[in-house]
Amino acid sequence: MAITAAMVKELREMSGAGMMDCKKALTATDGDMDKAVEFLREKGLATAQKKAGRIAAEGIVMLKVTEDSKKAVAVEVNAETDFVAKNEKFQGYVAQVAEQALETSAADIDAFLAEPWKFEEGKTVNEALAGQIAVIGENMKIRRFQKVEEANGFVASYTHMGGKIGVLVDVETDVVNDAVKEMAKNVAMQVAALKPLYTNRSEISQEYIDHEKEILMAQIMNDPKESQKPEKVIKGMIEGRINKELKEICLLDQVYVKAEDGKQIVSKYVDEVAKANSAKIKIKSFVRFETGEGIEKKEEDFAAEVAKQMGN
């Protein structure tokens, strides 16, 4: 039986489940609406969808690294409350998600959710997630994952505040010893603390720099004193401010947080360790996940909620 868009829409309204899940249920039950609803309930998807409107902005970032440190993955799984995020059952589930993500060939989160769940035959990752939602009782979301592989070196990892922040650093090096590993961990801690946007300046587009220059020029032109300065001076001011901004957002240009003189930049620190260990070291990239970043958290007015419950 052909599954139409109208049938999918009707099932969505009946069950509250997602569009793709409804289509799958109708296909599995040959278009029988009642059986499709039962199918969704059995999979836990109808129950899960009822909780889907609730904001899941807490959770944990978990890192998984292979024994040889050549491959690693960072995953973020969200829940509604910090209480659940600290729950052993939740963390055990996230560890499974990380293990699956380390091996996945999926290019994005949708493809990852659709693939078979390696820990229970007959279920997809998304269906296993729905089952966890039903058991734990909170809306949960596998938000994102990112893999890092380095054949000519290793991947360093650092987890901050019990999983609030997770960092992976891709280190290309011909020498791997304790000193180089310590350097890599220090760089990962730098990423966690100072939140750079880029590894180095080569990653920054000319469009971004031109846009920033336009903003700086507008600021100067709106200042009665600075706008009167010679064009050459104004250009110098803009270049100086751009350089200062790039030093803040580029990892290798940032001042190294552990620098004894408070001036040494990260790239010089890496070079120093490389020279001391007769190594060729390159920090190629990094991944930094922070739990809930970019998710708009719902502000709860407790007094108003109590008043509402009392009928006032």
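Scroll up a little and you will see the structure.
For clarity, every value in this text was computed on a predicted model and none was experimentally measured.

How each quantity is defined
Residues numbered from 1 in each chain as written. Predicted model: local features only at pLDDT ≥ 70, side-chain atom pairs only at ≥ 80, totals over all residues. Heavy atoms only, no water. Helix = DSSP H or I, 4+ residues; strand = E, 2+ residues; numbered from the N terminus. Contact = heavy atoms within 4.5 Å. Areas by Shrake-Rupley, 256 points an atom, 1.4 Å probe, with all protein chains shown as cover. Core = buried A, V, L, I, M, F, W, Y, C linked by side-chain atoms within 4.5 Å. Buried < 20%, exposed > 50% of the residue type's maximum accessible area, 1.4 Å probe, protein only. Salt bridge = Lys/Arg side-chain N within 4 Å of Asp/Glu carboxyl O. Expected span 1.5 Å × (residues − 1). Arc of directions from axis to C-beta. Pairing = 2+ DSSP bridges. Axes fitted to C-alpha atoms, helices over the stretch in contact; angles between N-to-C directions.

Describe in detail the overall build of the chain, supporting the description with residues and values.
Broken down by element type, the chain carries 13 helices and six strands. Nonlocal contacts in the chain, meaning residues at least 24 apart in sequence, comprise 62% of its contacts between residues at least 6 apart. Accessible surface computed for the chain: about 17800 Å², of which carbon and sulfur atoms make up 50%.

Describe unusual backbone geometry, naming the residues involved and giving the relevant values.
Look at Asp30: it is not a glycine, yet its phi comes out positive at around 55°. Mapped onto the elements, Asp30 comes out in the loop between helix 2 (19–28) and helix 3 (33–43).

Describe the nonpolar core, and please don't skip the residues or the numbers.
Nonpolar side chains tend to gather and get buried jointly when the protein is soluble and globular. Judged by nonpolar contacts, the single largest core of 28 residues is most densely connected at Val169, Met183, Val187, Ile281 and Ile283. The set of elements that each furnish at least two residues to this core consists of strand 4 (153–160), strand 5 (165–173), helix 9 (178–194), helix 12 (266–276) and strand 6 (281–290). The element best represented in this core is helix 9, accounting for seven residues. For Ile283, the residues in contact, after removing those within four places along its chain, are Val169, Asp170, Val171, Met183, Thr199, Leu251, Leu252 and Val270. Residues Val77, Val84, Phe90 and Phe112 belong to the second largest nonpolar core, which totals 26 residues.

Explain the pattern of salt bridges residue by residue, including any values.
Counted under the stated rule, the structure contains 18 salt bridges. Between Glu58 and Lys164 there is a salt bridge, with the nearest N and O atoms lying 3.2 Å from each other. With Glu58 in strand 1 (residues 58–65) and Lys164 in the loop between strand 4 and strand 5, this residue pair connects regions lying 106 residues apart in the sequence. Owing to a relative accessible area of 17%, Glu58 belongs among the buried residues under this scheme. Between Lys284 and Glu150 there is a salt bridge, with its nearest N and O atoms 2.9 Å apart. Of the two residues, Lys284 sits in strand 6 while Glu150 sits in the loop between strand 3 (141–149) and strand 4, which places them 134 residues apart along the sequence. Residue class for Lys284 comes out partly exposed when judged on its relative accessible area of 32%. A cluster of three or more residues bridged by salt bridges with shared partners is formed by Glu58, Asp82, Lys86 and Lys164.

I'd like to hear about helix 10 (residues 206–221), residue by residue, with values.
Taking 1.5 Å of rise per residue, the 16 residues of helix 10 would be expected to cover 22 Å, and the 22 Å separating its terminal C-alpha atoms lies within 8% of that figure. What helix 10 keeps buried is the set Ile209, Glu212, Leu216 and Ile220. In a view along the axis of helix 10, the buried residues occupy a sector of 80°, so they form one face of it. Among the exposed residues of helix 10, those oriented more than 90 degrees off its buried face are Glu207 and Glu214.

Please provide a residue-by-residue account of the sheet that holds strand 4, values included.
The strand order 4-5-6 describes an open sheet built from three strands, whose pairing is antiparallel. With partners counted over all chains shown, the strands left at the sheet margins are strand 4 and strand 6, one partner each. The mean angle between the axes of side-by-side strands here comes to 15°, regardless of whether they run parallel or antiparallel. Two elements, strand 5 and strand 6, share nine bridges in a ladder whose sense is antiparallel. When the sheet's bridge partners are listed, Val169 is paired in strand 6 with Phe286. Across the face of the sheet, helix 9 comes into contact with strand 4, strand 5 and strand 6 while running at roughly 45° to strand 4.

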